[in-house]
Structure formats: C-alpha cells, structure tokens
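Here is what each chain is made of, one letter per residue.
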Amino acid sequence: MESVPLTTADGQELPADIEVPDRDPIGGVVICHPHPQYGGNRFNPVVDAVFRHVPTLGIAALRFDFRSEFGGGLEERRDVVSALDELEERSISPLAIVGYSFGAAVALATEDDRVRAIAAVAPPLTMMDVPTPTVPTLVLMPRHDQFTEVEAASEIVASWPESEFRVIESTDHFIAGRTSQVAESAGTWMAGLLDRER
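Because the structure is predicted, anything quoted here is derived from the model rather than measured.

Trainee: Would you mind going over the pairing of strand E3 (residues 27-32) with me for this structure?
Mentor: Within a regular strand, side chains alternate between the sheet's two faces. Counted residue by residue, E3 has six buried out of six residues, so it is predominantly covered. Side chains of E3 alternate between two faces, with Gly27, Val29 and Ile31 and Gly28, Val30 and Cys32 buried alike. Sheet topology note: the E3/strand E4 (residues 59-64) ladder contains five bridges and is parallel. Residue pairing in the sheet places Gly27 in a bridge with Ile59 of E4. Handedness of the crossover is the feature at issue here: the chain leaves E3, passes through helix H1 (residues 45-53), returns alongside E4, and the resulting connection is right-handed. With five bridges connecting them, E3 and strand E5 (residues 95-100) associate as parallel partners. Pairing of Cys32 across the sheet is with Gly99, part of E5.

This is how it looks when you write it as structure tokens:
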C-alpha cells in the first residue's frame, strides 16, 4: 500500500491510499467512504474490505478522505474526480467507483466520462437527490437498512438502465458481519465489467 496526497481542482489536499496488484491491473476503482460528519473516513470497515479485496482480482484500488469542510455532497464530487485523476496519471484504466452510504450517493452523482461502472453499497436513495446513472450500476442494499427501505430502493433502481439490485440479508445499514460479502460481491461484479472494457 502506498499513501498518496490528492489535490482537487479547487485546491483541497486529501489523504489517500493506493494498492496496485502485482500484475498489470485490469482497471482501477475509487472507493468513497460514508458521511464524514458522522465519523466516516477511508478506514471504514466496508471501505477497508473493498480496498483490500479488489487488488486480489487484479484491480487497482484507491481510497481517500473527503474534504475536511463538508460540501453537502456537491463539492465532494471534485474529490472523486481528483482520485480518478490519480489513477489516470498512473495509466490505469478503465475506471470505476465503489461508494458506501453517503459515498454511494456521491459516486452516483459524479459525472465523469472515465467512469465505466458504479457499485453503490447502501445508498441513501430516499434521503438524497441521486441522479439516474448512465453506466452499469450495481446496488447492494441491506435487508434492514434504517435509512432506505429495500422495497423503495428496488423501485428506484428498477427504472435505471443497466442496473442490478441485490439484497444483503441479515444486516442493516452498517453491514456488521457482512463486509467480506459486500467486498466479494462488488469486486467480482466490477472485475467482470472492467475486464470487458479493456
């Protein structure tokens, strides 16, 4: 693992970590953490599980901390773009995003032509304004999510093109005990898409 500083277009400095597989990567994934005002950061257990798992599938992984001054989910999109820039500068492509909770909402709202796929884990679809994604999207929704009911999320995602909806059984929004399952599900789905995009 390598620690790298990211600099956004508006001059914000963000701490980040990158893990590149031993072989030539089939692509790269930016991982977005939960709400920073509620303790979310790049070391969140779900983020950490994805960060550690996807390199075993041949995918470069980059996790970062959102800007220190909360931007309401709007300014944080610039943070995601700076992470994509870092992977591109390393000649890693194609690129995708995995986001958890608030990070999933930011991932879905980030418009960047380099993004080929998005995996959204426990996205707060009924709490935040989330646009319809234009790339293949996987939604992993906890059965007992406290912030968005499974039925409501399923109905929203059903209207998205190229989307897949999966329920994570026996867990709530915080995914205790199911982090490995989430990482494997998101990672395998992402690896298949990125490999075809090469």
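Next, the rest of the story.
Trainee: In this structure, what is going on with unusual backbone geometry? I would like to understand it.
Mentor: Among all residues except glycine, the phi angle is most often negative; among peptide bonds, the trans geometry is most common. Each neighbour pair has its own omega, and for Ser93 with Pro94 the value is -5 degrees, a cis peptide bond. Within the chain, Ser91 stands out as a residue other than glycine whose phi angle is a positive 60 degrees. Here Ser91 is to be found in the loop between helix H2 (76-89) and E5. The phi dihedral of Ala122 falls on the positive side, at around 50 degrees, and the residue is not glycine. Structurally, Ala122 is set in the loop between strand E6 (115-121) and strand E7 (137-144).

Trainee: Which parts of the structure should I look at to understand the layout of surface pockets?
Mentor: Empty space left among the atoms is revealed by rolling a probe the size of a water molecule over them. Put simply, the largest pocket is a space of about 390 Å³. Tallied by class, the residues present in the lining of the largest pocket amount to nine nonpolar, six polar and no charged. There is about 220 Å³ of room inside the second largest pocket. Contributing to the lining of the second largest pocket are Leu108, Thr110, Glu111, Asp112, Asp113, Val115, Ile118, Pro131, Thr132, Pro133, Thr134 and Val135. In the lining of the second largest pocket, the residues fall into six nonpolar, three polar and three charged.

Trainee: Whenever I open this one, H2 confuses me. Can you help?
Mentor: When the terminal C-alpha atoms of H2 are compared, their 20 Å separation across 14 residues agrees well with the 20 Å that a helix rising 1.5 Å per residue should span. Taken as a whole, H2 has its buried residues at Glu76, Asp79, Val80, Ser82, Ala83, Leu84, Glu86 and Leu87. Downstream of H2 by a residue or two, Ser91 has a phi angle that is positive, lying close to 60 degrees.

Trainee: Whenever I open this one, helix H5 (residues 179-197) confuses me. Can you help?
Mentor: Residue pairs three or four apart in sequence face the same way in an α-helix, which turns once every 3.6 residues. Helix length check: H5, at 19 residues, gives a terminal C-alpha distance of 27 Å against a target of 27 Å (1.5 Å per residue), a fit within 8%. Within H5 the residues assigned to the buried category are Val182, Ala183, Ser185, Ala186, Gly187, Trp189, Met190, Ala191, Leu193 and Leu194.

Trainee: Explain the side chain of Arg114 to me, please; I cannot follow it from the model alone.
Mentor: Mapped onto the secondary structure, Arg114 falls in the loop between helix H3 (102-109) and E6. Under the relative-accessibility criterion, Arg114 is labelled buried at 19%. If sequence neighbours within four positions are ignored, Arg114 has contacts with Val81, Leu84, Asp85, Glu88 and Leu95.

Scoring rules and cut-offs
Residues numbered from 1 in each chain as written. Predicted model: local features only at pLDDT ≥ 70, side-chain atom pairs only at ≥ 80, totals over all residues. Heavy atoms only, no water. Buried < 20%, exposed > 50% of the residue type's maximum accessible area, 1.4 Å probe, protein only. Helix = DSSP H or I, 4+ residues; strand = E, 2+ residues; numbered from the N terminus. Pairing = 2+ DSSP bridges. Right-handed = clockwise from strand over helix to strand, strands pointing away. 1 Å grid on protein atoms, 1.4 Å probe; cavity = no way out; pocket = protein on both sides within 12 Å on 5 of 7 lines; lining within 4 Å. Points joined across faces, edges and corners; volume = space filled by probe spheres on them. Nonpolar A, V, L, I, M, F, W, Y, C, P; charged D, E, K, R; others polar. Expected span 1.5 Å × (residues − 1). Contact = heavy atoms within 4.5 Å.

Without other data, these values stay purely geometric and don't point to any function.
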